[in-house]
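# Residue-level structure breakdown
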Amino acid sequence: MDSFPAKLEKYAELALTIGVNLQPGQTLIINAPITAAQLVRLAAQKAYELGAKNVYVEWGDELLSLIAYQYAPLETLKEFPAWKAQGFQEMAKNGAALLSIQASNPDLLKDVDPERVAVSNKTRAEALEEFNQYVRNGIMNWAIVSHPTPEWAAKVFPDADAANPQENAVDLLWDKIFSVTRTDQPDPIAAWQEHIAGLQEKLDVLNRKKYKQLHYRGPGTNLTVELADGHLWVGGGLRNKQGTFFVPNLPTEEVFTMPRKEGVNGTARSTKPLNYGGNLIDNFTFTFEKGKIVSFTADTGYETLRKLIETDEGAHYLGEVALVPHYSPVSDTNLIFYNTLFDENASCHLAIGAAYPFNLQEGTMLTKDQLIERGANMSLMHVDFMIGSSELDIDGVTADGQREPLFRKGNWAI
Ligand code: ZN
Ligand code: ZN
């Protein structure tokens, strides 16, 4: 068995080869918290070995962000330095790649006024809108991987060794991250290639079927979701503008496509908690009419959910529909990770907010107006929420009204 440093090195390598698929001559932007410094240094070294031209690291510190949320004047939260947004834009325009390393405390913001967090998130999203389009539209190659924090690990493993709870929980979480990202397999790169091929088989079936509508049934859920005209199912990875195949999320188990903005009706009940910017929303429902959220409930985090939906008009509509079998490496851990990157890969999910243009045939060539006409939702945000469980059934409805079982008891029926 590999030692921890050996596994961490393999993890960095997977992130840059299977994930980002960094090409010689590219600049690599790494977004990372200071707590992930060891992984960042390994990734930077690997990047240069792979021929990177330069590695630019944008360090973050969530405790400093917390201090700003708590103490900075409200005006300050409404400002984002233009030079920084322009810098990111310039790097993206010049063909840079991006590796984001996430390490967060799910409860960081539980005592912070959600209004102040919402203002700050919106300011950031507006300032970085152009850069985010390079990412969201897959114009640049990019990937996200996770890194434990003591607080996050303690939340996932609340019963870890009482003598030294936090360190032990961090080790346990690393083990799970290494297993669900296939880092602990004898040949992680080969394991990923096989996994991507398996996802491709499902994509081929779905893209041939061209279902007009999906019908979801489960406890608290009865929902019909029309798919956008000319929708394209995508999963595993995609190609950037230069044709580089990259896998944006490690892990990834989902195949997903674009709902028609105004074609969603009924109620969806969440099956896992949603951690939004350090605030937890749990046990919630959305009711849709003609695509729009007309009412919602939440046992925990109602105010945060309300702020989230009120971000803009598009936050009232769906932008993604994703299918994930209930039996997958992430789901088999039987853990709630309180982190979307993991939880969304354990469960069928939907997202409110922006649709991905690459989920339409030729979608990345269309103008904003053309995208809207084809049923794409526009928003500053995109937030996934989980509705999958072992009790979820999904039917695919064909253009001529035929119903076909797609999922039964949470798993593929095709
Ligand atoms: Zn998704
Ligand atoms: Zn999503």
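Residues numbered from 1 in each chain as written. Chains lettered and ligands numbered in written order. Predicted model: local features only at pLDDT ≥ 70, side-chain atom pairs only at ≥ 80, totals over all residues. Heavy atoms only, no water.

Once that is clear, we can look at the sheet that holds strand β3 (residues 97-102). The four strands lie next to each other as β2-β1-β3-β4, forming an open sheet whose pairing is parallel. This sheet does not close on itself; its edge strands, each paired only once, are β2 (54-60) and β4 (142-146). Each strand axis lies, on average, 15 degrees off the axis of its neighbour in the sheet, ignoring direction. In this sheet, β2 lies alongside strand β1 (residues 27-33) in parallel orientation, the contact comprising seven bridges. (Pairing = 2+ DSSP bridges. Helix = DSSP H or I, 4+ residues; strand = E, 2+ residues; numbered from the N terminus. Axes fitted to C-alpha atoms, helices over the stretch in contact; angles between N-to-C directions.)

Time to look at the coordination of the zinc ion (ligand 1). Those protein atoms acting as donors to the zinc ion (ligand 1) are Glu254 (OE), Glu320 (OE), Glu344 (OE) and His349 (NE2), and they sit at 2.0 to 2.7 Å. In this structure, the zinc ion (ligand 1) is coordinated by four donor atoms arranged in irregular fashion, with angles at the metal of 72 to 149 degrees. Read from N- to C-terminus, the donor residues coordinating the zinc ion (ligand 1) fall into the pattern E-x65-E-x23-E-x4-H. A separation of 3.4 Å is found between the zinc ion (ligand 1) and the zinc ion (ligand 2), which share Glu320 as a coordinating residue. Separated by 24 residues along the polypeptide, Glu320 in strand β15 (residues 318-323) and Glu344 in the loop between α13 (340-343) and β16 (349-353) bring together distant segments of the chain. With a relative accessible area of 5%, Glu344 lands in the buried category. (Donors = N, O, S within 2.8 Å, 3.2 Å for Na, K, Ca; no water. Tetrahedral: all angles 85-135°; square planar, octahedral: opposite > 155°, others 65-115°. Buried < 20%, exposed > 50% of the residue type's maximum accessible area, 1.4 Å probe, protein only.)

When four donors bind a metal tetrahedrally, each ideal donor-metal-donor angle is 109.5 degrees, and when six bind octahedrally, the ideal angles are 90 or 180 degrees. The protein atoms that coordinate the zinc ion (ligand 2) are Glu320 (OE), His382 (NE2), Asp384 (OD) and Asp384 (OD), at distances of 1.9 to 2.6 Å. Around the zinc ion (ligand 2) sit four donor atoms, and with donor-metal-donor angles ranging over 54 to 141 degrees the site reads as irregular. Counting the intervening residues between successive donors of the zinc ion (ligand 2) yields the motif E-x61-H-x1-D. Look at His382 and you get buried, because its relative accessible area is 18%.

Attention now goes to the environment of Gln102. Inspection of the secondary structure assignment puts Gln102 in strand β3. Looking at Gln102, the relative accessible area reads 30%, which means it is partly exposed. A sequence separation of 30 residues divides Gln102 from Ala72, and the C-alpha atoms of the two residues are 24 Å apart. Contact partners of Gln102, with chain neighbours within four places excluded, come to Ile144, Val145, Ser146, His147, Asn339 and Leu341. (Contact = heavy atoms within 4.5 Å.)

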